Amino acid sequence: QVHMVESGGGLVQAGGPLKLSCEAFGSAGGRFGIAWFRQAPGKELEFVAAMSWSHYPTEYADAVKGRITISRDVDNNTLYLEMNSLSPGDTAVYFCAADPIFILGTRHYTYWGQGTQVTVSS
């Protein structure tokens, strides 16, 4: 079992950076896949980025590629999402997620955090 808790969300000005964290409690590691999703008000859940916890291949959605970086700290069991050049379109609840096996291109994840709100003002 893996319990994941997001933090770092809040109000940020357009154009600014923001760094989100997701701390994993439990047996996260090994070949687990870790990902970030987001959901804007009234819209479907959207894939943002993913990586393998141990082997570190990364995957990004086209909408955020080039201005978002996914990373992790194995010593702290923490996943990060670094965002730059934020716009109001990035306003959403951001979720971290994990699955026992990382498969490039998958959108299926077993464990989910509760989400952290990111609001970008213009």
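About the cut-offs
- Residues numbered from 1 in each chain as written.
- Predicted model: local features only at pLDDT ≥ 70, side-chain atom pairs only at ≥ 80, totals over all residues.
- Heavy atoms only, no water.
- Helix = DSSP H or I, 4+ residues; strand = E, 2+ residues; numbered from the N terminus.
- Rg over C-alpha atoms; globule rule 2.2 N^0.38 Å.
- Buried < 20%, exposed > 50% of the residue type's maximum accessible area, 1.4 Å probe, protein only.
- Salt bridge = Lys/Arg side-chain N within 4 Å of Asp/Glu carboxyl O.
- Contact = heavy atoms within 4.5 Å.
- Pairing = 2+ DSSP bridges.
- Axes fitted to C-alpha atoms, helices over the stretch in contact; angles between N-to-C directions.

Participant: Explain the overall build of the chain here, please?
Facilitator: When helices and strands are counted, the chain shows zero helices and 11 strands. Listing the helices and strands of the chain from first to last along the sequence gives β-β-β-β-β-β-β-β-β-β-β. For 122 residues, the compact-globule estimate of 2.2 N^0.38 gives 14 Å, and the chain sits close to it at 13 Å. For the chain, the spread of C-alpha atoms along the principal axes amounts to about 40 × 25 × 25 Å. Evaluated residue by residue, the chain yields a buried proportion of 48% over its 122 residues.

Participant: Looking at this structure, how should I read the pattern of salt bridges?
Facilitator: Charged atoms that come close allow side chains of opposite charge to pair. Inspection of every chain in the model, using the stated rule, returns five salt bridges. A salt bridge links Glu 46 to Arg 38; the shortest N-O distance between them is 2.9 Å. Taking relative accessible area as the criterion, Glu 46 reaches 30% and is therefore assigned partly exposed. For Arg 38, a relative accessible area of 6% corresponds to the buried category.

Participant: What is the right way to look at unusual backbone geometry in this model?
Facilitator: Positive phi outside glycine occurs at Asn 77, with the angle close to 50°. In this fold, Asn 77 is placed in the loop between strand 7 (68–73) and strand 8 (78–83). The backbone phi angle of Ser 85 is positive, close to 50°, even though this residue is not glycine. Within the element layout of this structure, Ser 85 appears in the loop between strand 8 and strand 9 (92–99). Here Ser 85 falls in the partly exposed class, since its relative accessible area comes to 49%.

Participant: Just checking my understanding: could you explain the environment of Pro 57 for this structure?
Facilitator: In this fold, Pro 57 is placed in the loop between strand 5 (46–52) and strand 6 (58–60). Sequence-distant contacts of Pro 57, defined by excluding residues within four places in its chain, comprise Ala 50, Met 51, Ser 52 and Phe 102.

Participant: For this particular structure, what's the right way to read the sheet that holds strand 1 (residues 2–7)?
Facilitator: Within a sheet, neighbouring strands are paired by backbone hydrogen bonds and run either parallel or antiparallel to one another. The strand order across the open sheet built from four strands is 1-3-8-7, with neighbouring strands paired in antiparallel fashion. Every other strand in the sheet has two partners, leaving strand 1 and strand 7 as the edge strands with one partner each. Taken pair by pair, the neighbouring strands of this sheet meet at an average axis angle of 20°, ignoring direction. As paired strands, strand 7 and strand 8 are joined by six bridges and run antiparallel to one another. The partner of Arg 72 across the bridge, within strand 8, is Leu 79.

Participant: What am I meant to see in the pairing of strand 5 here?
Facilitator: Each regular strand displays side chains that alternate between the two surfaces of the sheet. The buried count for strand 5 comes to six of seven residues, which makes it a mostly enclosed element. Relative to strand 5, strand 4 (residues 33–39) is paired through six bridges, and the arrangement is antiparallel. Residue pairing across strands places Arg 38 opposite Glu 46, the latter belonging to strand 5. Here strand 4 folds back onto strand 5 in antiparallel fashion, the turn holding six residues, of which Gly 42 has a positive phi close to 75°. The pairing of strand 5 with strand 6 spans three bridges and is antiparallel. What sits directly across from Ala 49, in strand 6, is Tyr 60. Here strand 5 folds back onto strand 6, and the loop between the two strands holds five residues, one of which, Tyr 56, carries a positive phi near 65°.

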